[in-house]
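Listed below are the residues making up each chain.
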Amino acid sequence: MGNQEVINEGQQYLMNNYARFPIALVKGDGVRAWDADGKEYLDFTSGIAVCGVGHSNPALKEVLENQAGRLWHCSNLYWIEPQVQLAAKLCRLSGLDKAFFANSGAEVNEAALKLVRKYFSLRGKPGCEIVAFHNSFHGRTLGALTATGQEKYHRGFEPLVPGFVYAEFNDLGSVEKVITEKTGAIIVEPVQGEGGINPATSKFLTGLRRLCYEFDLLLVLDEVQTGLGRTGKMFAYEHYGIKPDIVTLAKSLGGGFPIGAMLARAEVAQAFEPGDHASTFGGNPLGCAVANRVLDILSEEEMLNHITRIGDYLKSRLQSMTGKRKDVKEVRGLGLLLGVEFTREVKPLVDICMQKGLLVISAGPRVLRLVPPLNIALDEADQGLAILNEALNEWQDE
Ligand SMILES: *Cc1c(COP(=O)(O)O)cnc(C)c1O
């Protein structure tokens, strides 16, 4: 089938909950992808920061095929060796003590919210309140959706989960105002992703850590988008010299295989007892085998330096490319999680880029988001920039 046939049938049989681009992708290789009509693209979306080690990574293909020949699934009724190995690796990398696995970002955030509630109910503070932030994004299940401080995602789905209060991102004073004796935890993204690529200031994130110590609260970091090398550190919190009590990961963990992880300090993790939480597919042998290999690749010497180097290069080139434009407000981000904020909606620019063979996405209506694979080469970065530059010139002329 070509693009149009896929689209026609999709429109007939799929629910209408996505505003999709009018192409169907059928193949990928590294930073490149092809649509059903055979057109080639440079993919600077990586499936929204998922395919960190590139499309069809041969090392991932090999472990997935090996594991597929051994055991696909057995449930968490039994011990699963690749899951144990993955937990050990994640704990070593994060400095946290225990892992729980699920299949998506929303699910591990859901697990984190439940762990917070259970922890405080054991400590005589049942039904604790959770502080979340305006403009955040934590997923679409009802708990994660409630933590998501964006009205447009809430509308039509009320009543939401009780016990959430909201503060302003990068405004410590607004957090102090909502903390009461009922508060249990603060959930925050080190860089707001869907909300527009807004990095937390150092003062803000270290301040949240301090507030959590002071008022005996848990700091939950949602690193579903920022985690595992995306910002040039294995965890974005390393940029800030702090450690969370709970961290959640998903997008890039499986390199495209659906898997998410929640990590926690031992004292917090022990609030979960058998029967408290579970996931049929969570920590499945296929996903864990792949994720182990993803972590090995990201842990290779020079990988994080590479991400920082290419990220800084892209950022400075974007700054010089857009410096004279009146419609550009700011180029920002960390590592290979980059955003360009415009004074107008970027959807037409994204469409022009796609026509010219570059896949990019927005983060909110006015921010262009660039999240290429982490192992992108310098010349591939240049090719993407050249297309973007052409698209920017064309957009200006309109
Ligand atoms: C994408 C995202 C989620 C939701 O992940 P899903 O796998 O779509 O449920 C949660 N938090 C952040 C920060 C994200 O970027």
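Residues numbered from 1 in each chain as written. Predicted model: local features only at pLDDT ≥ 70, side-chain atom pairs only at ≥ 80, totals over all residues. Heavy atoms only, no water.

Looking at an unreviewed UniProt entry, one finds the protein chain named Acetylornithine aminotransferase and attributed to Syntrophothermus lipocalidus. Within the UniProt record for the protein chain, the comment given under Subunit (unreviewed entry) is "Homodimer." (UniProt positions renumbered as here; feature names shortened; annotations may be inferred.)

Undergrad: Could you clarify how one ought to interpret the overall build of the protein chain in this entry?
TA: Counting its secondary structure elements, the protein chain contains 14 helices and 17 strands. Over its C-alpha trace the protein chain gives a radius of gyration of 21 Å, about what one expects of a compact globule, namely 21 Å for 398 residues. Counting only C-alpha atoms and orienting by the principal axes, one finds that the protein chain spans roughly 60 × 55 × 45 Å. Counting every position in the protein chain, which comprises 398 residues, the buried fraction comes to 55%. (Helix = DSSP H or I, 4+ residues; strand = E, 2+ residues; numbered from the N terminus. Rg over C-alpha atoms; globule rule 2.2 N^0.38 Å. Buried < 20%, exposed > 50% of the residue type's maximum accessible area, 1.4 Å probe, protein only.)

Undergrad: How do you make sense of the confidence of the model for the protein chain when you look at a structure like this?
TA: Of the residues in the protein chain, 99% have a pLDDT of 70 or more, and the chain-wide mean is 97. Model confidence for the protein chain, summarised as mean pLDDT per element, is weakest for helix H14 (residues 378-397) at 95 and strongest for strand E10 (residues 218-222) at 99. (pLDDT = per-residue confidence, 0-100.)

Undergrad: I would appreciate a short explanation of the domain arrangement of the protein chain in the present structure.
TA: A common way to report how large an interface is uses the accessible area buried once the components associate. In terms of domain boundaries, the protein chain breaks down into domain 1 (3-57 + 301-396) and domain 2 (60-298). At the interface, 28 residues of domain 1 touch 27 residues of domain 2. Roughly 2,300 Å² is buried in total at the junction of domain 1 and domain 2, and carbon and sulfur atoms are behind 64% of that figure. For the pair domain 1 and domain 2, the interface holds one salt bridge. Summed over the shared surface of domain 1 and domain 2, the number is ten residue pairs in polar contact (both at pLDDT 80 or more). Breaking the side of domain 1 that touches domain 2 down by element, the ones donating at least two residues are helix H2 (46-49), helix H12 (303-322), strand E13 (328-334), strand E14 (337-342) and strand E17 (367-370). (Domains from an automatic or database assignment. Contact = heavy atoms within 4.5 Å. Buried area = accessible area lost by both parts, 1.4 Å probe. Salt bridge = Lys/Arg side-chain N within 4 Å of Asp/Glu carboxyl O. Polar contact = N/O pair within 3.5 Å; in protein donor to acceptor, adjacent residues only side chain to side chain.)

Undergrad: Sorry if this is basic, but what is going on with the site of the ligand here?
TA: In the vicinity of the ligand, 13 residues are found, and the nearest of them are Gly105, Ala106, Asp222, Gln225 and Lys251. At a separation of 2.7 Å, an oxygen atom of the ligand approaches a polar backbone atom of Ala106. In the environment of the ligand, an oxygen atom lies 2.6 Å from a nitrogen or oxygen atom belonging to the side chain of Lys251. Protein coverage of the free-state accessible area of the ligand, which is 380 Å², stands at 81%. Sort the elements by how many residues they give to the shell around the ligand and helix H5 (residues 105-122) lands first, with three residues. Among the residues making up the shell around the ligand, the classes are represented as three nonpolar, six polar and four charged. (Near = heavy atom within 4 Å. Areas by Shrake-Rupley, 256 points an atom, 1.4 Å probe, with all protein chains shown as cover. Nonpolar A, V, L, I, M, F, W, Y, C, P; charged D, E, K, R; others polar.)

Undergrad: Quick question: what am I supposed to make of the packing of helix H4 (residues 81-94) against helix H11 (residues 285-298) here?
TA: Each pair of packed helices gets described by two things: the angle between the helix axes and the distance between those axes. The N-to-C vectors of H4 and H11 enclose an angle of 35°; their axes lie 8 Å apart at closest approach. At the point where H4 passes H11, the crossing takes the left-handed sense. Contacts from Pro82, Gln83, Gln85, Leu86, Lys89, Leu90 and Leu93 in H4 reach Pro285, Cys288, Ala289, Ala291, Asn292, Leu295 and Asp296 in H11. In terms of residue class, the contact of H4 with H11 is made up of nine nonpolar, three polar and two charged. (Axes fitted to C-alpha atoms, helices over the stretch in contact; angles between N-to-C directions. Left-handed = near helix turned anticlockwise from the far one by under 90°.)

Undergrad: Looking at this structure, how should I read the state of the cysteines?
TA: Note: disulfide means a covalent bond formed between the sulfur atoms of two cysteine side chains. Under the defined criterion, the tally for this structure stands at zero disulfides. Residue Cys74 stays outside any disulfide, its sulfur separated by 10.0 Å from that of Cys288, the closest cysteine. For Cys91, which is in no disulfide, the shortest distance to another cysteine sulfur is to Cys288 and amounts to 13 Å. Overall, the relative accessible area of 12% leaves Cys91 in the buried class. (Disulfide = S-S within 2.5 Å.)

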